[in-house]
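Chain and residue survey
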Amino acid sequence: QVQLVESGGGLVQAGGSLRLSCAASGRIFSINYMGWYRQAPGKQRELVADITSGGSTNYADSVKERFTISRDNAKNTVYLQMNSLKPEDTAVYYCIVVDVNRSYWGQGTQVTVSS
């Protein structure tokens, strides 16, 4: 079993920055995919960004040039640096980790951007 612990959410003014972290622990074999999703009230959960074990990244169009995903394989941790935040970025952010062929989700961290 793999456990995920997220941190770094909070309240920030528009234009500000936040950095999310998600650390995986437990019976980890080989994490080949890590990513961040978000879900705003009344909306479906959507992909924000993801990163493969080889370092290839993918971003939603709405966050390109503002968010950066990275990972520390030695620490089994994925990060999301969020800059130039907008009110429409307000959501609960969830990390996802795929270990071999099993997916694990974090508990979610609230990000609120005030205008």
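Residues numbered from 1 in each chain as written. Predicted model: local features only at pLDDT ≥ 70, side-chain atom pairs only at ≥ 80, totals over all residues. Heavy atoms only, no water.

Comments concerning unusual backbone geometry
The phi angle at Asn76 is positive, at roughly 50 degrees, despite the residue not being glycine. Note that Asn76 resides in the loop between strand S7 (67–72) and strand S8 (77–82). Asn76 sits in the partly exposed class, given a relative accessible area of 23%. Backbone geometry places Ser84, a non-glycine residue, at a positive phi of 50 degrees. As for its placement among the helices and strands, Ser84 is situated in the loop between S8 and strand S9 (91–99). Owing to a relative accessible area of 40%, Ser84 belongs among the partly exposed residues under this scheme. (Helix = DSSP H or I, 4+ residues; strand = E, 2+ residues; numbered from the N terminus. Buried < 20%, exposed > 50% of the residue type's maximum accessible area, 1.4 Å probe, protein only.)

Examining the pairing of S8
In terms of burial, S8 is largely enclosed, as five of its six residues are buried. Looking at chain direction, strand S3 (residues 18–26) and S8 are connected through six bridges and run antiparallel. Residue pairing across strands places Cys22 opposite Val78, the latter belonging to S8. Where S7 lies against S8, six bridges are found, and the strand directions are antiparallel. Bridge pairing links Ile69 to Leu80 in S8. Where S7 hands over to S8, the hairpin turn is made up of four residues, of which Asn76 adopts a positive phi near 50 degrees. (Pairing = 2+ DSSP bridges.)

Let's talk about the side chain of Ser21
Mapped onto the elements of the fold, Ser21 is located in strand S3. Take Ser21: its relative accessible area is 17%, and that puts it in the buried class. Setting aside residues up to four positions removed in sequence, Ser21 forms contacts with Val5, Glu6, Ser7, Trp36, Val78 and Tyr79. (Contact = heavy atoms within 4.5 Å.)

Brief notes about the environment of Ile69
Within the secondary structure, Ile69 sits in strand S7. Take Ile69: its relative accessible area is 4%, and that puts it in the buried class. Between the C-alpha atoms of Ile69 and Ser21, which are 48 residues apart in sequence, the distance is 10.0 Å. Those residues within four positions of Ile69 in sequence are excluded, and the remaining contacts are Met34, Gly35, Trp36, Ala49, Asp50, Ile51, Thr57, Tyr59, Val78, Tyr79 and Leu80.

Structural notes on the pattern of salt bridges
Overall, the coordinates contain four salt bridges when judged by the stated rule. Across the salt bridge formed by Arg38 and Glu46, the nearest N and O atoms sit 2.8 Å from each other. Take Glu46: its relative accessible area is 37%, and that puts it in the partly exposed class. Linked by salt bridges that have partners in common, Arg38, Glu46, Arg66 and Asp89 make up one network. (Salt bridge = Lys/Arg side-chain N within 4 Å of Asp/Glu carboxyl O.)

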